[in-house]
Each structure stands twice: as C-alpha cells, then as structure tokens.
Amino acid sequence: MAPGSPAARRRAASRLLPALLGLHIFAVAFALEVSVGKTNTVMALNNSNVLLPCTFTTCIGFQDLVFTWYFNSTEMIYHGKIKSKASEPFLVGRNPRVEFVGSTTGKDNNISIVLKNVEFSDAGKYTCHVKNPKEKDAQHNATIFLTVVQKMVEADNTVTLIIVGVVGGLIGLLILFMLVKRVVLFIIKKTQDGKKECLVSSSGNDNTENGLAGSKAEQKAPPKA
C-alpha cells in the first residue's frame, strides 16, 4: 500500500484522533481552577468588614504563581505572589483597606482577602485572578458580587406561615372527613345487615306457621271400625 494512498491517510488519522483526545483529557484534568465558593454573592453591613473568599487548585503544583484581586474588573486592590507550595504568599501591592487572610501551605490554596470598613461605594464585582507559570502561564479567575446595606433585614415568614397553616388545616379537614365517612358507612352497613336478618327471620316464621296450619286442615278423621 502506497504511503500517500487514501487508505494510509485514513489509518494515520484514526491513530492520531485518540492521541489528540488523550492530550485534551490530560489538559482538562490538570487545568488550573479558581473558585469563590458555592455562592458568588456576599452581603455586608455598611462600616463592617467582609470576607471575600477565593481558592485555587492545580494538579501539577505551582511555581512563582501570581494572584490578583480586581474591583469592577479594572481597579487592582490586592496583588501577591507565591514562590512554591512550601512558602506563604508575599505582598506586591494592595489597597490600604484590604488584608490578606489566606494561606497556601496547608491543604487548601486559600487566597481570600478581607475588605475593611465597607462603604456603599464598595458594592460591585470582585474578581480573583490566578496565573500559574508552571502550567505554561495558565490563567483562570472567579467573580464574587458584593452588596452593601445599611442594616440586615430579617426575612418575613408571615406568608409562609399562613400557607403552611392553611395547607395543614385542609389536610386535617380531609382526614376528619374520611373518618366521618368511614363511621357513617359502618353504621349504614350494620343497619342494613340488621334489616336483612329481620326479614329472613320473619319469612321463616311465616312459612312455618303456614305449614302447620295446612297440616292440621288436611288431617282426616280416622275411619270408623
């Protein structure tokens, strides 16, 4: 078979496809990932401190990793570097009201920050961006949204309690209706059974009396000798 024949090209393509697929799976498995937790929204009181969580994972480790926090995608509020897993991050630059509270020498690669003395103007989008040179400068980020309020408002559960009460009442009425129905049906059945027994008994007595009267009437006088 000639090297440049269609069959040879098809065979080469069939061998190349699994290799490319394996490389893709390998790249996905070892990709850098950044997370801000299960929810990407945070609410804070005015003039309070708020935690902005962020962690990253990488299966092949990291070297000279760089992480940056941005406010509304443009304003850098914290910039740090991590030499290796054995060392804690060191500060490159930050906003005076931002404090690093994470750690990367433990199990989790925690690069969370705390924003102090929150103001209404601090409400917005905060992005945690990570770059890992060991993964050919792989980059990833995650975003968290901050809402600043004057006071925390407790959820009004009145409507929920009313709905639960109404549903519970309806269920109770339904159960009561079923019990009353069972009792009424039981009483009706007993009454009908009693009537049937009376009818059967009365019919038996009538037949017996008719039979005795007939036998007396049909009796003949004994023949005279």
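Trainee: Describe in detail the sheet that holds strand β4 (residues 55-57), supporting the description with residues and values.
Mentor: If you trace the three strands from one edge of the open sheet to the other, you get β1-β4-β9, paired in antiparallel fashion. Of all strands in the sheet, those with a lone pairing partner are β1 (33-35) and β9 (109-110), marking the two edges. Pairing of β1 with β4 involves three bridges; the strand directions are antiparallel. Each residue of the ladder has a partner; that of V34, found in β4, is F56.

Trainee: Explain the pairing of strand β12 (residues 138-149) residue by residue, including any values.
Mentor: Both strand β2 (residues 41-45) and β12 contribute to a ladder of five bridges, which runs parallel. Opposite M43, over in β12, you have T147 as the bridge partner. With nine bridges connecting them, strand β11 (residues 124-132) and β12 associate as antiparallel partners. Bridging across to β12, N132 finds its partner in A138. Counted between consecutive antiparallel strands, the loop separating β11 from β12 contains five residues, among which K136 sits at a positive phi close to 55°.

Trainee: Explain unusual backbone geometry to me, using residue names and the numbers behind them.
Mentor: Backbone geometry at D64 places phi at a positive 55°, although glycine is not the residue there. On the secondary structure map, D64 appears in the loop between β4 and β5 (65-71). Residue class for D64 comes out partly exposed when judged on its relative accessible area of 42%. For D137, which is not a glycine, the phi torsion comes out positive at approximately 60°. Within the fold, D137 resides in the loop between β11 and β12.

Trainee: Got a sec to walk through the sheet that holds strand β3 (residues 50-52)? Specific residues and values, please.
Mentor: Taken in spatial order, the three strands of this open sheet run β3-β10-β8, and their pairing is antiparallel. Sheet topology places β3 and β8 (98-100) at the edges, where each strand pairs with a single neighbour. With strand direction ignored, the average angle separating the axes of adjacent strands in the sheet is 30°.

Trainee: Requested: an account of the confidence of the model for the protein chain, with residues and values cited.
Mentor: For the protein chain, per-residue confidence averages 82 on the pLDDT scale, and residues scoring 70 or more make up 72% of the total. A low-confidence stretch, residues 16-29 stays under pLDDT 50, and its non-local contacts, those more than four residues away or across chains, total one contact. Note on residues 214-218: pLDDT is under 50 here. Beyond four places in sequence and across chains, it has zero contacts.

Trainee: Let's hear about the state of the cysteines: which residues, and what values?
Mentor: Per the stated rule, a full pass over the model turns up one disulfide. The disulfide bridge from C54 ends at C128, spanning 2.1 Å between sulfur atoms. As the torsion about the S-S bond is roughly -80°, the C54-C128 disulfide counts as left-handed. Here C54, found in the loop between β3 and β4, pairs with C128, found in strand β11; they are 74 residues apart in sequence, far enough to count as distant. For the pair formed by C54 and C128, the shared burial category is buried.

What counts, and where the lines are drawn
Residues numbered from 1 in each chain as written. Predicted model: local features only at pLDDT ≥ 70, side-chain atom pairs only at ≥ 80, totals over all residues. Heavy atoms only, no water. Pairing = 2+ DSSP bridges. Helix = DSSP H or I, 4+ residues; strand = E, 2+ residues; numbered from the N terminus. Buried < 20%, exposed > 50% of the residue type's maximum accessible area, 1.4 Å probe, protein only. Axes fitted to C-alpha atoms, helices over the stretch in contact; angles between N-to-C directions. pLDDT = per-residue confidence, 0-100. Contact = heavy atoms within 4.5 Å. Disulfide = S-S within 2.5 Å.

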